[in-house]
Amino acid sequence: MQKLNSSDEISVLEHHLDEMKKSHKFADDDYNNTSTILRTRLERLLKERELRKSLKSNNEDVHSSNGGIESNDIYVDNPIVTSRTENLPTEEELANGIRLNKLVSNECEIQDKQVKWPSKHRLLVVANRLPVSAVRKGDACWQLEVSAGGLVSALLGITEFETRWIGWPGVNVPDEIGRKSLTESLAKKRCFPVFLDEDLVHLYYNGYCNNILWPLFHYLGLPQEDWLATICNFQSQFDAYKKANQMFADVIEKHYEEGDVVWCHDYHLMFVPKCLKEKNPHMKVGWFLHTPFPSSEIHRTTPCRSELLTAVLAADLVGFHTYDYARHFVSACTRILGLEGTPVGVEDQGRLTRVAAFPIGIDSDRFVRAIKLPQVKNHIKEFEGRFGGRKIMLGVDRLDMIKGIPQKLLAFEKFLEENPSWCDKVVLLQIAVPTRTDVPEYQKLTCQVHEIVGRINGRFGTLTSVPIHHLDRSFDFHALCALYAMTDVALVTSLRDGMNLVSYEFVACQASKKGVLILSEFAGAAQSLGAGALLVNPWNVTEVASSIAYALNMPSAEREKRHQYNYMHVTTHTSQEWAGTFVSELNDTVVEAQLRTKQIPPQLQTEHAVDRYRCSKNRLIILGFNATLTKPMNADGRGDQFKEMELNLHPELEEALKKLCDDPRSTVVIVSGSPRNLLDKNFEDYSIWLAAEHGVFLRTPNKKWFQNMTDNIHLDWIESVKLVFEYFTERTPRSYYELRETSIIWNYKYSDFEFGRLQAKDMLQHLCTGPISNASVEVVQGGRSVEVRASGVSKGVSISGILGQVIHDKDMKAPIDYVLCVGHFLPKDEDIYMFFEPELPAITVTPAHSSFGSPTNGLSPNLSEERTKSGDHSVKTTSNNDNNSCSCSTNGSMTINASGPLGHGSSVLDLQGDNYFSCAVGRKRSTARYLLNSSVDVVALLKKLAD
């Protein structure tokens, strides 16, 4: 879906909406197909956007009628402002606002009907810290100070939900009395606490969050002075991180009610989505990152990188401030986890995690109103008199490495060197709020900044004035708005920043001054305000100095034009709009996911399969080999490539498999694409049926191999295809090819995913125009492989010959009444699942010819319809010739050519629906009836069958 990233785009979409209304193109169906889903999302976003505007407008009328309400909020994301408010808005206040507003008419319903929101559900906002500061005044007495603003004010725009907060209260409460009293006090503020002890906070917050994730997410790397200690303590910090996340999840589950929406925030809580989904897969969970997400090359240096990505992907919707961050996340999932990145998110075997950009904004009206307040006007007059008509440049930052304060000061020094005439005409006001003052790296930064400021003031200052006013403290809201309003040039030189809302606040206060914004291209705000600001690379001191000179000398017409663009964006994309859009998108994502999961088979109920097995008398067990009976690979695919290429039977299966093979009532068949020698090596000691190379070759339990499919297999193309595969193996590092008797496979699962995919696309062009252009072959594409095999070869086609041979050799007297088919098969080979399906779906299946005479051998295009009409799900045998094979009769039954005791017209399969279990291993997109997650589940299943 196209994102609503600018007012122009919104206007275009609204125009399309009007045109659709006029032409009566709206459908009443609710999510019946893909186009309807997209159209419904667009309608809902536009409808809810208008609703929020209406609520906002009427709430402003309420403020005006009450004589105006001053806003003294503290920003969660910006600790510059340190004022307090008494309380969060109550539910009654929100409800009053809703009652005063006329809801937007619902264009999807009958004309003139109004939108009726469903009964209110709750929005559980989960953050590391609650928006409340708690001070203990006694054993059971607490003083609470609410810090509303930033995320809190953003959520006021979501009126269809009741907001609840879950987070750490910021204090250590070891005793039960204190915890109980604090919980009761916070409940009045609609907050639920997560109690973390001091040791856990030190390892989880100060350790893993601030010493590992924060530097890496901002491209800083680990702290250099204590990186050895950091690495040594990593595992304990990571364990504490997971433990803390689990504690957050436990509190969420305790307070969760059916229909609630859970919104997790920031890098502190990356494991929470996974913890929640493991307990309740139907829970609506979103996760939003308020910092940059680094490129995949940076993220891959993070220890336990795969666990972090996998945990976040459990969420339904993953949000970032900019498209760049979202792109980096998808790239990391693709390159590190080997998953498929799509234009809308990350897909893993049918499950889609939507990934999107949601640029946060500010409550711009709050700043616009503040400029008109008497307190702010008094501050402006005071500051103007103090600076005596000089041009004012402003920097507002936390004293952090990522803010680029030293680079800003050096650029200002360079400007003064190159423009000496400006020395007494301009002043730089730098507000640097101290943070993490107990960390050596931050202490070092503070000393560095003070040294630069002293040198510049000593060099360019006079007895009556200095060029830099540096303040290591925060400002109250009114004073800060006054500084924004009177500033000529705002200088934001972040080396890496999630968004940086200081630039938004500056623009919102510049209605009369229309100053210039110099903005780092590495700040997230550059994606939104880039057209109106002067974008700079803060590492290029000369470039920043030139931009300062240009900004101070910019013509008024250009200043006004740039300001108008930025002002339009800041006032349009508010924080309320950001929050409302995210929650709306999350709801729509969950609806689409529910439709998508309807097509995903359920997990196999092992006990049921085992019970049916014990009640049966003649069982057929068909198993794949690779990724079915072998050990599972590492999650990130970065293990020992040599060992993983050597496929070996899972050691825990040996005893169970032997018991199954020795049971006279059970027949076990391994059907694999692997060559004969590999299967011989792994199953040499087993009395088992082996079908190699997708069933082309068959081995009986007495160790005799013969060719199962004898006709229409021409292999004159193999040598020419081999040359192409060798060429691409040389071009693609860590790729390899396997030459088999009837097929050849090129695999790039250990290579860079993007590069490998491009090489595979190039390879297909070479093959189709060259070696296989006139050959009787098929090209089968896997997740990270390309296979060329003889035409008409598949596991489903081969099973008829295998079944006929089994009946003949075992001298089978009783019909087969239980079939278990388990494997990690490619889509082409999933016809083996459908071979035994009592009731095939009534769809046309493309015929595939084999050596057994009749097309498809059980996969006739009309087979499903015939079976359904006749109700005959049996397979019958004939003894027309010496070849043992299976074919379809005209009435929908199956016949097997066998000279065994079942004879002409007797039933081979007496298979009821409850006695057939087809299971896909590790593939959610499958035609199988059931799913098993990995070979670990296969091991557990076979052990239970053997017992």
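None of these values were measured; they are calculated from a predicted model.

## Topic: the overall build of the chain
Point 1. Looking only at helices and strands, the chain has 32 helices and 33 strands in total.
Point 2. Each of the 947 residues in the chain was classed as buried or not, and the buried ones make up 55%.
Point 3. Of the contacts made within the chain by residues no fewer than 6 positions apart, 72% connect residues no fewer than 24 positions apart.
Point 4. Put simply, the chain shows about 40400 Å² of open surface, and 50% of that area lies on carbon and sulfur atoms.

## Concerning the sheet that holds strand 15 (residues 489-492)
The strands that make up a sheet are held in pairs by hydrogen bonds between backbone atoms, and each pair lies either parallel or antiparallel.
Point 1. On the basis of which strands lie adjacent, the open sheet formed by 6 strands has the order 14-13-12-15-16-17 and parallel pairing. Edge positions in the open sheet fall to strand 14 (468-471) and strand 17 (534-536), since each of these has one partner strand only. Shown here is a sheet whose adjacent strand axes are inclined to one another by a mean of 15°, direction ignored.
Point 2. Bridge count between strand 12 (residues 391-398) and strand 13 (residues 426-433): 8 bridges; the pairing is parallel.

## Topic: the pattern of salt bridges
Point 1. Throughout the structure, instances matching the rule amount to 39 salt bridges.
Point 2. Among the ionic pairs, E655 bridges to K659, the shortest N-O distance being 3.8 Å. Of the two residues, E655 and K659 are both situated in helix 25 (residues 654-662); the distance of 4 residues between them amounts to about one turn of the helix.
Point 3. Where salt bridges share partners, they join E413, E417, R455 and R459 into one cluster.

## Focus: the packing of helix 23 (residues 606-615) against helix 32 (residues 935-946)
Point 1. The N-to-C vectors of helix 23 and helix 32 enclose an angle of 30°; their axes lie 10 Å apart at closest approach. Between helix 23 and helix 32, the angle falls in the class roughly parallel. Considering how the two elements wind past one another, helix 23 and helix 32 form a crossing that is right-handed. Within the contact between the two elements, helix 23 uses T606, E607, A609, V610, Y613 and R614 and helix 32 uses L941, K944 and L945.

## Here we look at the packing of aromatic side chains
Point 1. Taken as a whole and judged by the stated rule, the model has 33 aromatic pairs.
Point 2. Members of the aromatic cluster, each reached through a chain of ring pairs, are W214, F217, Y267, W287, F293, F320 and F329.
Point 3. Seen from the ring of F477, R366 lies directly overhead, with NZ or CZ sitting 3.9 Å from the centre.
Point 4. The ring of Y686 carries the charged tip of K658 above its face, separated from the ring centre by 5.7 Å.

## Description of the packing of helix 15 (residues 405-418) against helix 20 (residues 541-552)
Point 1. Interaxial distance between helix 15 and helix 20 falls to 8 Å at its minimum, and their mutual angle equals 65°. Relative to helix 20, the crossing made by helix 15 is right-handed. Packed against helix 15, whose contacting residues are L410, A411, F412, K414 and F415, the element helix 20 presents V541, T542, V544, A545, I548, A549 and L552 at the interface.
Point 2. Along the lines of polarity and charge, the residues of the contact of helix 15 with helix 20 split into 10 nonpolar, 1 polar and 1 charged.

## Remarks on the pairing of strand 24 (residues 743-747)
Point 1. Strand 24 sits mainly inside the fold: 5 of its 5 residues count as buried.
Point 2. Going residue by residue along strand 24, you find S743, I745 and N747 tucked away on one face and I744 and W746 tucked away on the opposite face as well.
Point 3. Taken together, the 4 bridges between strand 23 (residues 736-739) and strand 24 define a ladder with antiparallel strand orientation. The residue of strand 24 that forms the bridge with E738 is I745.
Point 4. Taking the residues that link successive antiparallel strands as the turn, the strand 23-strand 24 hairpin has 3 residues.
Point 5. Looking at chain direction, strand 24 and strand 26 (residues 785-790) are connected through 5 bridges and run antiparallel.

## Focus: the nonpolar core
Point 1. Within the largest apolar cluster, 76 residues are counted, with the highest numbers of intra-cluster contacts made by L123, L155, W263, Y484, L517, L519 and W578.
Point 2. With 9 residues, the top contributor of residues to this core is helix 17 (residues 477-486).
Point 3. One finds W168, C209, W287 and A326 within the second-largest nonpolar core, a separate group that totals 63 residues.

## Observations regarding the sheet that holds strand 5 (residues 191-193)
Point 1. Across the sheet, 9 strands lie side by side as 5-4-1-6-7-8-11-10-9; this open sheet has mixed pairing. Of all strands in the sheet, those with a lone pairing partner are strand 5 and strand 9 (340-342), marking the two edges. The sheet shows a mean angle of 20° between the axes of neighbouring strands, direction not considered.
Point 2. Both strand 6 (residues 261-265) and strand 7 (residues 284-288) contribute to a ladder of 5 bridges, which runs parallel. Within strand 7, the position partnered with W263 by the bridge is G286.
Point 3. Its contacts with the sheet place helix 8 (residues 234-255) against strand 1 (121-129), strand 4 (161-168), strand 5 and strand 6, and it is angled at close to 160° to strand 1.

## Overview of the confidence of the model for the chain
Point 1. For the chain, mean pLDDT is 80; residues scoring 70 or higher make up 76% of the total.
Point 2. Confidence over residues 1-17 falls short of pLDDT 50; this stretch has 31 contacts with residues more than four positions distant or in other chains.
Point 3. Ignoring residues within four places in sequence, the model shows residues 840-900, a span with pLDDT below 50, making 140 contacts including any to other chains.

## Some remarks on helix 11 (residues 305-312)
Point 1. Counted residue by residue, helix 11 has 6 buried out of 8 residues, so it is predominantly covered.
Point 2. Residues of helix 11 that are buried include every one of R305, S306, L308, L309, A311 and V312, and no others.

## Some details on the side chain of N457
Point 1. Summarising the element assignment, N457 is placed in helix 16 (residues 440-460).
Point 2. Excluding residues within four positions of it along the chain, N457 makes contact with V466, P467 and I468.

## Brief notes about helix 15
Point 1. Between the first and last C-alpha of helix 15 there are 20 Å, a value that for 14 residues agrees with the 20 Å anticipated at 1.5 Å per step.
Point 2. The buried fraction of helix 15 is high, at 10 of 14 residues.
Point 3. For helix 15, the full list of buried residues reads I405, P406, Q407, K408, L409, A411, F412, E413, F415 and L416.
Point 4. Among the structural elements, strand 12, strand 13, helix 16, strand 14, strand 15 and helix 20 are those in contact with the buried residues of helix 15.

## Quick look at the pairing of strand 14
Point 1. Residues I468 and H470 point to one face of strand 14 and are all buried, whereas H469 and L471, pointing to the other face, are not buried.
Point 2. Pairing analysis gives 4 bridges linking strand 13 to strand 14, with the strands arranged parallel. Within strand 14, the residue paired with L429 across the bridge is H469.

## Observations concerning the environment of D197
Point 1. If you trace the backbone, D197 turns up in the loop between strand 5 and helix 6 (198-217).
Point 2. Spatially, the C-alpha atom of D197 lies 7.4 Å from that of V173, the residues being 24 residues apart in sequence.
Point 3. A distance of 2.7 Å separates the side chain of D197 from the backbone nitrogen of L200, its partner in a polar contact.

## Quick word on unusual backbone geometry
Excluding glycine, residues mostly have negative phi values, and the peptide bonds linking residues are mostly trans.
Point 1. A positive phi angle, close to 70°, is found at N500, a residue other than glycine.
Point 2. By the element assignment, N500 lies in the loop between strand 15 and helix 18 (502-508).
Point 3. A positive phi angle is found at D811, which is not glycine, with a value near 50°.
Point 4. Positionally, D811 belongs in the loop between helix 29 (795-809) and strand 27 (818-823).
Point 5. Judged by its relative accessible area of 41%, D811 falls in the partly exposed class.

## Quick notes on the environment of Y241
Point 1. Along the chain, the position of Y241 falls in helix 8.
Point 2. Spatially, the C-alpha atoms of Y241 and V201 are 8.9 Å apart, while their sequence positions differ by 40 residues.
Point 3. Y241 has contacts with Y204, Y208, C209, L213, Y267, H268, L269, M270, F271 and L308, leaving out every residue within four places of it along the chain.
Point 4. At a separation of 2.5 Å, a polar atom in the side chain of Y241 contacts the main-chain carbonyl oxygen of Y267.

## Overview of the side chain of D400
Point 1. Tracing the backbone shows D400 in the loop between strand 12 and helix 15.
Point 2. Overall, D400 belongs to the buried group, its relative accessible area being 2%.
Point 3. A distance of 3.1 Å separates the side chain of D400 from the backbone nitrogen of I402, its partner in a polar contact.
Point 4. When sequence neighbours within four positions are dropped, the list of residues in contact with D400 reads W214, T435, Y442 and L445.

## Digging into the state of the cysteines
Point 1. All told, the structure shown has 0 disulfides when counted by the stated rule.
Point 2. The thiol of C275 is unpaired, and the distance to the nearest cysteine sulfur, on C264, comes to 9.7 Å.

Definitions and cut-offs
Residues numbered from 1 in each chain as written. Predicted model: local features only at pLDDT ≥ 70, side-chain atom pairs only at ≥ 80, totals over all residues. Heavy atoms only, no water. Helix = DSSP H or I, 4+ residues; strand = E, 2+ residues; numbered from the N terminus. Buried < 20%, exposed > 50% of the residue type's maximum accessible area, 1.4 Å probe, protein only. Contact = heavy atoms within 4.5 Å. Areas by Shrake-Rupley, 256 points an atom, 1.4 Å probe, with all protein chains shown as cover. Pairing = 2+ DSSP bridges. Axes fitted to C-alpha atoms, helices over the stretch in contact; angles between N-to-C directions. Salt bridge = Lys/Arg side-chain N within 4 Å of Asp/Glu carboxyl O. Parallel < 35°, antiparallel > 145°, perpendicular 65-115°, else oblique. Left-handed = near helix turned anticlockwise from the far one by under 90°. Phe/Tyr/Trp six-rings, centres within 6.5 Å; stacked < 30°, edge-to-face > 60°. Lys NZ or Arg CZ within 6 Å of the ring centre and 35° of its normal. Nonpolar A, V, L, I, M, F, W, Y, C, P; charged D, E, K, R; others polar. Core = buried A, V, L, I, M, F, W, Y, C linked by side-chain atoms within 4.5 Å. pLDDT = per-residue confidence, 0-100. Expected span 1.5 Å × (residues − 1). Polar contact = N/O pair within 3.5 Å; in protein donor to acceptor, adjacent residues only side chain to side chain. Disulfide = S-S within 2.5 Å.

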